[in-house]
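Structural overview for review
Spelled out, the chains give:
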Amino acid sequence: MTHIAVLGSTNMDLVTYVDKAPERGETVTGREFRTVPGGKGANQAIAAARAGATVSMIGAVGTDAYGARLRDTLEHSGVDTDFLRTVQGPSGTAHIVVDAEGGNAIVVVPGANGTVDHLSPGDEGVIATADALLLQLEIPLPAVVAGARAARRHGVRTVLTPSPVQPLPPELLQAVDLLVPNEYEAVTLTGRTDPREAAAALLELVPEVVVTLGATGCLYLARGTEPLVVPAPRVTAVDSTGAGDTFVGALAVALAGEKPVREALTWAVAAAAISVQREGASASMPYRPEIEAQYGT
């Protein structure tokens, strides 16, 4: 079975649903509030597990009630948490406002994730056995760089989601195989306003780039090939939180399973389209049979 390793964050998402997100200084009345296990690392781990992979989660949770719930959620989804350590203090939290159109704004408080600034004993061994390593930027950058370098040493494909967006050091980019920004992140990283131009600029730094385009689908570029656009199914979005992580988790599983690139991208777009029709991040992520039904296989 495909083995995916994830080095990244675990957060409890504190989600407020509103008709319209407040402007600065404005107070609005929310429709609903939920606590939903999340974090980009945990989300990608759950997405990959539900898409059919064996998944190992490397990271940290706190000693609070959120930490116990986060671990339980990962394990219930079939994610191996042997390398998810527990550290004294609060777990990470993400404070999310979701509007009536399914758009969101997020503030992340790192908590225990801030302690993941290096690889602990055994982490590299887990990475070495994986078909792919998924990375994001919600843990300290030194750990992300160390993880990418470990993957490179062992010939493991490294997939980086550059979120929250920040300058990417050369030592990290040199160890990344596939970069998956959304449109905003691609523009911010390159200063190019056109997604194709932004993707082309990023392709000078890494071998493969996928820019996710929300309801439009995604754009794929690889060195020596023509750009590839894969459209998304038309659906009514309820909550887009976690859609990008669903896409990345499903894509990693499809590529590790040796699907051709176009098929892998179509499969990942189908998974994301399912997720936006449901509320929550990890709770919205589809299982493999659902993706295959949407994909048409």
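Residues numbered from 1 in each chain as written. Predicted model: local features only at pLDDT ≥ 70, side-chain atom pairs only at ≥ 80, totals over all residues. Heavy atoms only, no water.

Okay, the UniProt feature "active site" (unreviewed entry) in the protein next. Mapped onto this structure's residue numbering, the UniProt feature "active site" (unreviewed entry) falls at Asp245. What makes Asp245 buried here is its relative accessible area of 4%. In this structure the side chain of Asp245 is engaged in a polar contact, spanning 3.2 Å, whose partner is the side chain of Asn43. (UniProt positions renumbered as here; feature names shortened; annotations may be inferred. Buried < 20%, exposed > 50% of the residue type's maximum accessible area, 1.4 Å probe, protein only. Polar contact = N/O pair within 3.5 Å; in protein donor to acceptor, adjacent residues only side chain to side chain.)

Time to look at the packing of helix α1 (residues 40-50) against helix α8 (residues 243-256). Across the interface, α1 lies against α8 with an axial gap of 8 Å and an inter-helix angle of 45°. Classed by the angle they form, the pair α1 and α8 counts as oblique. In the crossing of α1 with α8, the sense of the turn from one axis to the other is right-handed. Along its contact with α1, which presents Lys40, Asn43, Gln44, Ala47 and Ala48, the element α8 presents Asp245, Thr246, Val248, Gly249 and Val253. The class makeup of the residues in the contact of α1 with α8 is four nonpolar, four polar and two charged. (Axes fitted to C-alpha atoms, helices over the stretch in contact; angles between N-to-C directions. Helix = DSSP H or I, 4+ residues; strand = E, 2+ residues; numbered from the N terminus. Parallel < 35°, antiparallel > 145°, perpendicular 65-115°, else oblique. Left-handed = near helix turned anticlockwise from the far one by under 90°. Contact = heavy atoms within 4.5 Å. Nonpolar A, V, L, I, M, F, W, Y, C, P; charged D, E, K, R; others polar.)

Take helix α4 (residues 141-153) next. For α4, which comprises 13 residues, the first-to-last C-alpha distance of 18 Å matches the rise-based estimate of 18 Å (1.5 Å per residue) to within 8%. Burial in α4 covers these residues: Ala143, Val144, Val145, Gly147, Ala148, Ala150 and Ala151. Those residues of α4 that are buried lie in contact with β1 (3-7), α3 (123-128), β9 (132-135), β10 (157-160) and α5 (170-173). In the segment just after α4, Gly155 is the residue with positive phi, at about 70°. (Expected span 1.5 Å × (residues − 1).)

Looking at where Gly214 falls in the secondary structure, it is placed in the loop between β12 (208-212) and β13 (217-222). Between the C-alpha atoms of Gly214 and Ala232, which are 18 residues apart in sequence, the distance is 8.0 Å.

For the rest of this paragraph, the subject is the pattern of salt bridges. Taken as a whole, this structure holds 11 salt bridges when the rule is applied. Residue Lys40 is joined to Asp245 by a salt bridge in which the shortest nitrogen-to-oxygen separation is 2.8 Å. You can see Lys40 sitting in helix α1 and its partner Asp245 sitting in helix α8, a full 205 residues away along the chain. Among the residues examined, Lys40 registers a relative accessible area of 15% and is labelled buried. When the shortest N-O distance is used, the salt bridge between Arg157 and Glu208 registers 2.5 Å. One end of the pair, Arg157, is in strand β10; the other, Glu208, is in strand β12, and 51 residues separate them in sequence. (Salt bridge = Lys/Arg side-chain N within 4 Å of Asp/Glu carboxyl O.)

Once that is clear, we can look at the pairing of strand β4 (residues 54-61). Among the eight residues in β4, seven count as buried, and that is most of the element. Direction of pairing for β1 relative to β4: parallel, over a ladder of five bridges. By the bridge assignment, Ala5 is partnered in β4 with Ser56. With two bridges joining them, β4 and strand β5 (residues 79-80) adopt parallel strand pairing. The residue bridging Val55 from the neighbouring strand is Val79, located in β5. Chirality of the crossover, the property in question, places the unit of β4, helix α2 (residues 65-76) and β5 among those that are right-handed. Taken together, the three bridges between β4 and strand β6 (residues 84-86) define a ladder with parallel strand orientation. (Pairing = 2+ DSSP bridges. Right-handed = clockwise from strand over helix to strand, strands pointing away.)

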